[in-house]
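Coordinate inspection notes
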Amino acid sequence: MAKVTRDDVARLAGTSTAVVSYVINNGPRPVAPATRERVLAAIKELGYRPDRVAQAMASRRTDLIGLIIPDARQPFFGEMAHAVEQAASERGKMVLVGNTDYVGEREVHYLRAFLGMRVSGLILVSHALNDLAAAEIDAWDARVVLLHERPEAIDDVAVVTDDLGGAQLAVRHLLEHGYEYVACMGGTAETPAVGDPVSDHVEGWKRALEEAGIGTEGRLFEAPYNRYDAYRIALDILSGPDRPPAIFCSTDDQALGVLRAARELRIDVPGELAVAGFDDIKEAALADPPLTTIASDRSAMARAAVDLVLDDGLRVAGSRRERLKVFPSRLVLRRSCGCA
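Basis of the calculations
Residues numbered from 1 in each chain as written. Predicted model: local features only at pLDDT ≥ 70, side-chain atom pairs only at ≥ 80, totals over all residues. Heavy atoms only, no water. Helix = DSSP H or I, 4+ residues; strand = E, 2+ residues; numbered from the N terminus. Buried < 20%, exposed > 50% of the residue type's maximum accessible area, 1.4 Å probe, protein only. Contact = heavy atoms within 4.5 Å. Areas by Shrake-Rupley, 256 points an atom, 1.4 Å probe, with all protein chains shown as cover. Pairing = 2+ DSSP bridges. Axes fitted to C-alpha atoms, helices over the stretch in contact; angles between N-to-C directions. Salt bridge = Lys/Arg side-chain N within 4 Å of Asp/Glu carboxyl O. Parallel < 35°, antiparallel > 145°, perpendicular 65-115°, else oblique. Left-handed = near helix turned anticlockwise from the far one by under 90°. Nonpolar A, V, L, I, M, F, W, Y, C, P; charged D, E, K, R; others polar. Polar contact = N/O pair within 3.5 Å; in protein donor to acceptor, adjacent residues only side chain to side chain.

Of regular secondary structure, the protein chain possesses twelve helices and twelve strands. With 340 residues in all, the protein chain has 53% of them scored as buried. The contacts in the protein chain between residues at least 6 apart in sequence include a share of 71% that link residues at least 24 apart. Carbon and sulfur atoms form 50% of the exposed surface of the protein chain, whose accessible area is close to 16,500 Å².

Shown next, in the form of structure tokens:
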């Protein structure tokens, strides 16, 4: 049986192959509704399937978006990746996902691999983009949108949360409960000082305490972002002689580790220890007790990132500040802070 071609579809629909292409690709030119219906009916009747490989060779672009994230095992990044995939699907695109495990060489590996596949664009969640990765992006003249983080090495459009303001909201709320001070579980020595959400969370914590006339010395604890390492570190903090009355964690995953350590040490939360996190991952509502945290609209952020990476008209020129799309943070009150 002969292969059905675009010419066959055009002939049956009584139109040109260009119009068939516009219907299949949803553009770039509009097609009258009646004509579109004829083309779709012809495609169905003939069983036509577009040759995506041939299309990619002709346009030098595929229907793929590359998404590079640190670690999909962490709930925040898993949920963000899912939101990007949904947003891309709405635009008729598929998503390739690469996990860097916070290793610069792996980030460069995925950049080269995805750009070599001629993806339509890259959405990059980079912990600390190195100069080699930045040079790779420049060499390919790639369409890149930064999501969640904004490393200094490149100056592409970024979609982020108001991390600093959100941290201030959480810490101010804990102080309003009357706790003498609030400790902070931040990042590690490798956490970038600029452009990283956790650095902004720590800065927001500092500012909230300074506003209240409370010192920060000796009250910031380094920890990786995951619950497992945070749990081990929290065991030491909570079993020591200077146990803090409240802890603000830079990620919800850390906060879950703190809650587990408190439970193991028979420390009542929130009676003897208040805890707040950041991210509002789905597990936060099911924690014991449910976790007070900071939320942002991940679905809207993912949709904005996909739109920006696909639509040249949405890409903003100008200063670094003008190239930021900042989504507001929102305080989500649950029992871990002392709220009923």
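Still to come is the rest of the account.
This next bit is on the sheet that holds strand β7 (residues 220–221). If you trace the four strands from one edge of the open sheet to the other, you get β7-β6-β8-β9, paired in parallel fashion. Each edge of the open sheet carries a strand with a single partner, namely β7 and β9 (274–276). When strand β6 (residues 183–185) meets β7, the two strands line up parallel, connected through two bridges. The partner of methionine 185 across the bridge, within β7, is phenylalanine 221. On top of the sheet, helix α8 (residues 163–176) reaches β8 (246–249) and β9; it is set at about 170° to β8, its chief contact.

Overall, parallel pairing links the six strands, which are arranged β2-β1-β3-β4-β5-β11 in an open sheet. With one partner strand each, in any of the chains shown, β2 (94–99) and β11 (324–327) form the two edges of the open sheet. In this sheet, neighbouring strand axes are inclined to one another by 20° on average, regardless of whether the strands run parallel or antiparallel. Set on the sheet, helix α12 (residues 298–310) makes contact with β1 (64–69), β3 (121–124), β4 (144–147), β5 (157–161) and β11; between it and β5 the angle comes to about 180°.

All right, on to the pattern of salt bridges then. Pairs can form between side chains of opposite charge once their charged atoms are near each other. Tallied over the full model, the rule gives 16 salt bridges. Across the salt bridge formed by arginine 303 and glutamate 90, the nearest N and O atoms sit 3.5 Å from each other. On the criterion of sequence distance, the pair formed by arginine 303 in helix α12 and glutamate 90 in helix α5 (residues 75–90) is long-range, its members being 213 residues apart. Counted as one network, the salt bridges with shared partners bring together Asp71, Arg73, Asp101 and Arg106.

With their axes 7 Å apart at the nearest point, α8 and helix α9 (residues 197–211) run at an angle of 40° to one another. Between α8 and α9, the angle falls in the class oblique. With respect to the hand of their crossing, α8 and α9 are arranged in right-handed fashion. Residues Asp163, Leu164, Ala167, Gln168, Val171, Arg172 and Leu175 of α8 pack against Pro197, Asp200, His201, Glu203, Gly204, Trp205, Arg207, Ala208, Leu209 and Glu211 of α9.

Turning to the environment of valine 4, a few remarks are in order. By the element assignment, valine 4 lies in the segment before α1 (6–13). For valine 4, the residues in contact, after removing those within four places along its chain, are Leu46 and Tyr48.

Before going further, it helps to spend a moment on the packing of helix α2 (residues 17–24) against helix α3 (residues 33–46). Look at α2 against α3: their axes get within 10 Å of each other, and the N-to-C directions meet at 85°. In terms of axis orientation, α2 runs roughly perpendicular to α3. Of the residues in α3, those touching α2 at Val19, Val20, Val23 and Ile24 are Thr35, Arg36, Val39, Leu40 and Ile43. Among the residues forming the contact of α2 with α3, the class breakdown is seven nonpolar, one polar and one charged.

Attention now goes to the side chain of aspartate 71. Relative to the helices and strands, aspartate 71 is located in the loop between β1 and α5. At 2.9 Å, the side chain of aspartate 71 forms a polar contact with the side chain of arginine 73. If sequence neighbours within four positions are ignored, aspartate 71 has contacts with Phe77, Asn99, Asp101 and Tyr102.

Okay, unusual backbone geometry next. Note the cis peptide between valine 269 and proline 270, where omega equals 15°. Structurally, proline 270 can be placed in the loop between α11 (252–264) and β9. A positive phi angle, close to 55°, is found at aspartate 101, a residue other than glycine. The topology assignment puts aspartate 101 in the loop between β2 and α6 (104–116). Here tyrosine 102, not a glycine, exhibits a phi torsion of approximately 65°, which is positive. For tyrosine 102, the position within the fold is in the loop between β2 and α6.

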